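Now for the letters of each chain:
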Amino acid sequence: MKLKNQNLEELVAEADSILIGQVVSVTDGFQNSAPFTEVTIRVGSDAKGKVKDDTEYTFRQFGLIKPRSMGNGKVYLGVTPEGFAKWNQGEQVVAFMYKKAEMTGFQTTTGMAQGKFIVSNDKATNGFNNHGLFEGMDTSALSAEEQNMITNPGSMSAATFVGLVGKLVEESK
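Bear in mind that the values here come from a model prediction, so they are computed numbers and not experimental data.

Visitor: Could you clarify how one ought to interpret the environment of Met 137 in this entry?
Guide: Looking at where Met 137 falls in the secondary structure, it is placed in the loop between β8 (123–126) and α2 (144–151). Sequence separation of Met 137 and Leu 3 is 134 residues, and the distance between their C-alpha atoms is 19 Å. For Met 137, the contacting residues outside a window of four places in its chain are Asn 7, Leu 8, Glu 9 and Leu 168.

Visitor: Can you help me understand the side chain of Thr 80 in this one?
Guide: Mapped onto the secondary structure, Thr 80 falls in the loop between β5 (75–76) and β6 (92–97). A distance of 3.5 Å separates polar atoms of two side chains, one belonging to Thr 80 and the other to Thr 37. Ignoring any residue separated from it by four or fewer positions in sequence, one finds Thr 80 in contact with Thr 37, Gln 61, Phe 62, Gly 63, Leu 64, Ala 85 and Lys 86.

Visitor: For this particular structure, what's the right way to read the packing of aromatic side chains?
Guide: Aromatic rings considered in pairs are described by the distance between their centres and by the relative angle of their planes. Throughout the structure, instances matching the rule amount to 7 aromatic pairs. Plain terms: the ring middles of Phe 59 and Trp 87 are 5.4 Å apart, the flat faces sit at 75° to each other, and that makes the pair edge-to-face. Of this pair, Phe 59 sits in strand β3 (residues 55–62) while Trp 87 sits in the loop between β5 and β6, placing them 28 residues apart in sequence. When its relative accessible area of 2% is taken as the criterion, Phe 59 is described as buried.

Visitor: Help me out: how do you make sense of the pairing of β6 in this one?
Guide: As a general feature of sheets, a regular strand has side chains that alternate between the two faces. Of all 6 residues making up β6, 5 are buried, and the element is well covered by its neighbours. Sheet analysis places strand β1 (residues 17–31) next to β6, joined by 6 bridges and oriented antiparallel. The residue of β6 that forms the bridge with Gln 22 is Gln 92.

Visitor: When you look at the side chain of Thr 109 in this model, what are you seeing that I'm missing?
Guide: As for its position among the elements, Thr 109 is in the loop between β6 and β7 (116–120). Here Thr 109 falls in the buried class, since its relative accessible area comes to 0%. Within the local environment of Thr 109, its side chain forms a polar contact with the backbone oxygen of Met 112, the two atoms lying 2.4 Å apart. Thr 109 has contacts with Ala 85, Trp 87, Ala 95, Phe 96, Met 97, Tyr 98, Gly 115 and Lys 116, leaving out every residue within four places of it along the chain.

Visitor: What is the right way to look at the sheet that holds β7 in this model?
Guide: What links the strands of a sheet is backbone hydrogen bonding, and the strands pair in either a parallel or an antiparallel sense. Taken together, 6 strands build an open sheet; the order of strands is β3-β2-β1-β6-β7-β8 and the sheet is antiparallel. Since the sheet does not close on itself, it has two edges, and those belong to β3 and β8, each with one partner. In this sheet, neighbouring strand axes are inclined to one another by 35° on average, regardless of whether the strands run parallel or antiparallel. Taken together, the 4 bridges between β7 and β8 define a ladder with antiparallel strand orientation. Looking at β8, one finds that Ser 120 is bridged to Lys 123. Lying on the sheet, helix α3 (residues 158–171) is in contact with β1, β6, β7 and β8; it crosses β6 at an angle near 20°.

Parameters and conventions
Residues numbered from 1 in each chain as written. Predicted model: local features only at pLDDT ≥ 70, side-chain atom pairs only at ≥ 80, totals over all residues. Heavy atoms only, no water. Helix = DSSP H or I, 4+ residues; strand = E, 2+ residues; numbered from the N terminus. Contact = heavy atoms within 4.5 Å. Polar contact = N/O pair within 3.5 Å; in protein donor to acceptor, adjacent residues only side chain to side chain. Phe/Tyr/Trp six-rings, centres within 6.5 Å; stacked < 30°, edge-to-face > 60°. Buried < 20%, exposed > 50% of the residue type's maximum accessible area, 1.4 Å probe, protein only. Pairing = 2+ DSSP bridges. Axes fitted to C-alpha atoms, helices over the stretch in contact; angles between N-to-C directions.

Pasting the structure below:
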């Protein structure tokens, strides 16, 4: 599967909510025979203001965490497809979330793994080391700190990144 590269403006525009928080649990199972991974995030804030601060937000995305023995000698291999965001308990994240699918209720991040950033040591990095995150964007009005993210995207400051996301959300209203 080849993902369409999406820059930060596109991730912001397509996101229904942009959750900043900590992953508190990751489980998996089946819903109407469809495999899912269920993720709960303790939300510190939502840049789009749709999810209340200091609440828990739970969603299900397609695919199991890992292959599962079905107890009859068979192993179910329907794991989360390559390119989807992978989740781990305890991670600090910035998650750009699509709306839930109407038919299944499943939900994932905009741009798949491009829309999930792990925050560690005040750095925010997505599954592609932020490659292409600023391609095609008009960056002429960005501050010097924000410009630094463009020239050195693999080690961008989480605080500056979250500030830029907030600015892009305001501009998109």
